[in-house]
Amino acid sequence: MTTHEPWPAHVGHYLRTLAIDVDDHIDTARKRLHIKFGFDRPRHIAAYRAWTDGKTVELTGRVLGRPPAVGGNVGDHWWDNLLNTYRRFNASDVPGLPLVARFRNASALTTTNDEGYYQVTLPVEGNASDNAWENASIALEDGSLLTPQPVLQIDPAARIGVISDIDDTVLQSSITDWKTAAQLAFLHNARTRKPLLGVAKLYQALQAGTGGARNPIFYVTNSPWNLYDLVDDFLDLNAIPFGPMSMRKLGLHDGETFGGGPTDHKLHRVTELVDRFPGLKWVLLGDSGQMDAATYSAIVHAFPDRIAAIYIRDVDPSSDTVRDKGVDALIEKVSGTKVPMLRVADSVAIAEHALQLGLIDASALAGIAADVKRDAQRPTLTEATVQKVGGKVADAIGASPPSPPGDPGS
C-alpha cells in the first residue's frame, strides 16, 4: 500500500529531528523543575489491557505523577469535562523509573521511557487460568504502587477473532465534522458519549460466535493513550465486550508526528495480530470516515485466506459522498478475492450478513435489532443540549421569586 507524505522524506526527517531536539530541551527543563519542587514522584500506574498468544505477553502502560481524571457523570458541566480532558493530555509522566513486571511465574525489570511509558515482554510460564482474563502485575522496584494488569487469554477452541476500530465504529465521534468531533472529545465524558446503534449486542454476538468458544475482540484505534480510561469506562458502561486496545503515543520519540501516520499504525497492529494467531480467521470492522477500508484491503492482499469478512460502517448513510466512492473502489479491488467486504448502514446489516457466514447465532439477530431501536431513542448531542437548557429555563420560570430585602423569608 502506498502512502503519500506531505513533504519529501529528507525534509520530514529534518523536521522530526529538530522537533525531538526542542522537545528534549523542554523535557530537561521540566524535569529540573519537577525534581526541585517534588512533582516527579510516581503516584499512579496506568496498566493497559494486554493479550498473550500462549508464548509471550507484552505489557504496556504509563507511570504518572498524578492519577488520571475520574470517569465523570451525566450531569457534569461542559467545563468539568474540559478540565478532565486537559488533565488527560497534561499528564505528569515519570520517565526513567525502574519497574517490576510479573505474569504467572515470570518476572522482569523494565524502565519507563522519556514520556513515562513502559513496555516489557515476558515469557508465559505455568498453567493458564480458566478465565478469559488473567492479571499480570506491575509495580515500582520497591513493590509499591502494585497494579493489576488484565491479560486476555485466547480460548484454544476459538476459530474467529475480531478487530475493531473505535471512533465512529463503536463510539460516535463525528470524525468527519471537526467541530462536532472536538465538542464530543473535549466537552463530554464516558457517560454522555453515545455508542453506534446496536453495537453492544452485535459485539456480544460476535464474541459468542457459534462454536461454543469465546472469540477474542481487539480494538485498534488512532486515538491517543491519554483517552484510554475514557474508552475503557465507555465500554463498561455500555456493556460492550472488553478487549485489549492498541492506541497511539503522542511523543515525538516514537515517530507518531513526523514518522509513520495513522494508516501505518493500524496496518502494523492489525498485521501483528493476524500474524501472531495463525489459527484464527478475522472479522475486521471500521468506518468510512478514515482510512480503515484502505488498511483492511491491504490486510486482505497480505493474508487472503485469513480474513472472514470486512464491515465498513458508513458514517453518513443518508447520502452518497466522495468517501463512499473511495470505499466502494476498494471493495471492488477486494472483490477478486474470496473475502466479502461491505459498506454497511448499521449493526443490523452487519448482523444479517454475519449470520449468513455463520459468524453469529440466529438467536442474536432479534436482540441486535432491538438494541438498534433502543439506541436510536437516545437523544442526539443537539437534543440533549436543548433538553438540558430547556430544563434549566423551566426551573427558573417555576422558581419562587427572591424575597425582598428585609423580608422574613430572606
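Keep in mind that this is a model prediction, so the values were computed, not measured.

S.K.: What's the story with the sheet that holds strand 12 (residues 281-287) in this structure? I'm lost.
M.R.: Strand order in the open sheet formed by six strands is 11-10-9-12-13-14, with parallel pairing between adjacent strands. Strands with a single pairing partner mark the edges of an open sheet, and in this sheet they are strand 11 (245-248) and strand 14 (341-344). Ignoring which end each strand starts from, the neighbouring axes of this sheet average 15° apart. The sheet contact formed by strand 9 (residues 160-164) and strand 10 (residues 217-224) spans three bridges and is parallel. Residue Val162 lies in a different strand from strand 10, and its bridge partner there is Ile217. Running at roughly 170° to strand 13 (residues 307-313), helix 7 (residues 292-302) makes contact with strand 9, strand 12, strand 13 and strand 14 of the sheet. Those strands touched by helix 9 (residues 347-356) are strand 12, strand 13 and strand 14, and its axis lies near 165° from that of strand 13.

S.K.: Looking at this structure, how should I read the pairing of strand 13?
M.R.: For strand 13, a buried count of seven out of seven residues is recorded, marking the element as mostly surrounded by other parts of the structure. As defined by bridge partners, strand 12 adjoins strand 13 across six bridges and the pair is classed as parallel. Across the sheet, residue Gly286 finds its bridge partner in strand 13, namely Ile312. You can see the chain leave strand 12, run along helix 7 and come back into strand 13, and the turn it takes is right-handed.

S.K.: Please clarify how the side chain of Ser223 should be interpreted in this entry.
M.R.: Relative to the elements of secondary structure, Ser223 occurs in strand 10. Polar side-chain contacts of Ser223 include one of 2.7 Å to the side chain of Asp167.

S.K.: Please clarify how the nonpolar core should be interpreted in this entry.
M.R.: Nonpolar side chains tend toward joint burial in soluble globular proteins. Counting 38 residues, the largest nonpolar core has Tyr203, Tyr219, Ile240 and Tyr311 as the members making the most contacts within it. Elements supplying a minimum of two residues to this core: strand 9, helix 4 (199-208), strand 10, helix 5 (228-237), strand 11, strand 12, strand 13 and helix 9. When residues of this core are assigned to their parent elements, the largest contribution, six residues, is made by helix 4. By size, the runner-up hydrophobic cluster in this structure holds 30 residues, among which are Ile154, Phe218, Phe277 and Val300.

S.K.: Can you help me understand the packing of aromatic side chains in this one?
M.R.: Aromatic ring pairs are defined here through the distance separating the ring centres and the angle between the ring planes. Overall, the coordinates contain nine aromatic pairs when judged by the stated rule. When the centroid spacing of 4.1 Å and the interplanar angle of 10° are considered together, the rings of Tyr48 and Trp225 count as stacked. Taken together, the residues Tyr48 in the loop between strand 1 (44-47) and strand 2 (50-52) and Trp225 in the loop between strand 10 and helix 5 connect sequence positions 177 residues apart. Each member of the pair, Tyr48 as well as Trp225, carries the same accessibility label: buried. An aromatic cluster of at least three residues, connected via ring pairs, comprises Trp51, Phe218, Phe277 and Trp282. Between the NZ or CZ atom of Arg49 and the centre of the ring of Phe242, over which it lies, the distance is 3.9 Å. Here the basic side chain of Lys249 rests over the ring of Tyr117, its NZ or CZ set 5.1 Å away from the ring centre.

S.K.: Help me understand the side chain of Asp292 in this model?
M.R.: Within the secondary structure, Asp292 sits in helix 7. Filtering out sequence-adjacent residues up to four positions away, Asp292 remains in contact with Asp165, Thr169, Lys266, Gly286, Asp287 and Ile312.

S.K.: What exactly am I supposed to notice about helix 10 (residues 365-376) here?
M.R.: Residues that lie three or four places apart on an α-helix share one face, since the helix turns once every 3.6 residues. Between its terminal C-alpha atoms helix 10 stretches 17 Å, which fits the 16 Å expected from twelve residues at 1.5 Å a residue. Within the sequence span of helix 10, burial applies to Ile368, Asp371, Val372 and Asp375. In an axial view of helix 10, the angular spread of the buried residues amounts to 105°, which keeps them on one side of the axis. In helix 10, the exposed positions angled more than 90 degrees off the buried face are occupied by Ala366 and Lys373. Summarising the contacts, the buried residues of helix 10 are in contact with helix 4 and helix 9.

S.K.: Got a minute to help me understand the environment of Asp168 in this structure?
M.R.: Residue position: Asp168 is located in the loop between strand 9 and helix 3 (178-187). Since its relative accessible area comes to 9%, Asp168 is described here as buried. Considering only alpha carbons, one finds Asp168 and Gly289, 121 residues apart in sequence, at a separation of 7.6 Å.

S.K.: Would you mind showing me how to read the environment of Tyr118 here?
M.R.: Checked against the element boundaries, Tyr118 lands in strand 6 (residues 117-123). A relative accessible area of 1% places Tyr118 in the buried class. In this structure the C-alpha to C-alpha distance between Tyr118 and Leu59, which are 59 residues apart in sequence, comes to 7.8 Å.

S.K.: I would appreciate a short explanation of the packing of helix 4 against helix 10 in the present structure.
M.R.: Each packed pair of helices is defined by two parameters, the angle between the axes and the distance between the axes. Where helix 4 contacts helix 10, the two axes come as close as 7 Å, and the packing angle between them is 155°. Taken together, the axes of helix 4 and helix 10 lie roughly antiparallel to each other. When helix 4 is examined against helix 10, the residues Val199, Ala200, Lys201, Leu202 and Ala205 are found in contact with a partner set consisting of Gly367, Ile368, Asp371 and Asp375. For the contact of helix 4 with helix 10, the class distribution of residues is five nonpolar, one polar and three charged.

S.K.: So what exactly am I meant to see when it comes to unusual backbone geometry here?
M.R.: Residues apart from glycine generally show negative phi values, whereas peptide bonds are mostly found in trans. Its identity as a non-glycine residue notwithstanding, Arg104 has a phi of 50°, on the positive side. Positive phi, close to 55°, is recorded for Leu145, a residue that is not glycine. By the element assignment, Leu145 lies in the loop between strand 7 (133-140) and strand 8 (147-153).

S.K.: Sorry if this is basic, but what is going on with the confidence of the model for the chain here?
M.R.: Any segment with low pLDDT has predicted coordinates that should not be analysed in fine detail. Averaged over all residues, the pLDDT of the chain equals 78, while 68% of them reach at least 70. Summarising per-element confidence for the chain, the mean pLDDT is lowest in helix 3 (41) and highest in strand 4 (residues 98-103) (98). Low pLDDT, under 50, characterises residues 16-26; the stretch is placed with 14 contacts to residues that sit more than four places away or in other chains. For residues 385-397, every residue scores under 50 in pLDDT, and the model assigns this stretch five contacts once sequence neighbours within four places are set aside.

What counts, and where the lines are drawn
Residues numbered from 1 in each chain as written. Predicted model: local features only at pLDDT ≥ 70, side-chain atom pairs only at ≥ 80, totals over all residues. Heavy atoms only, no water. Pairing = 2+ DSSP bridges. Helix = DSSP H or I, 4+ residues; strand = E, 2+ residues; numbered from the N terminus. Axes fitted to C-alpha atoms, helices over the stretch in contact; angles between N-to-C directions. Contact = heavy atoms within 4.5 Å. Buried < 20%, exposed > 50% of the residue type's maximum accessible area, 1.4 Å probe, protein only. Right-handed = clockwise from strand over helix to strand, strands pointing away. Polar contact = N/O pair within 3.5 Å; in protein donor to acceptor, adjacent residues only side chain to side chain. Core = buried A, V, L, I, M, F, W, Y, C linked by side-chain atoms within 4.5 Å. Phe/Tyr/Trp six-rings, centres within 6.5 Å; stacked < 30°, edge-to-face > 60°. Lys NZ or Arg CZ within 6 Å of the ring centre and 35° of its normal. Expected span 1.5 Å × (residues − 1). Arc of directions from axis to C-beta. Parallel < 35°, antiparallel > 145°, perpendicular 65-115°, else oblique. Nonpolar A, V, L, I, M, F, W, Y, C, P; charged D, E, K, R; others polar. pLDDT = per-residue confidence, 0-100.

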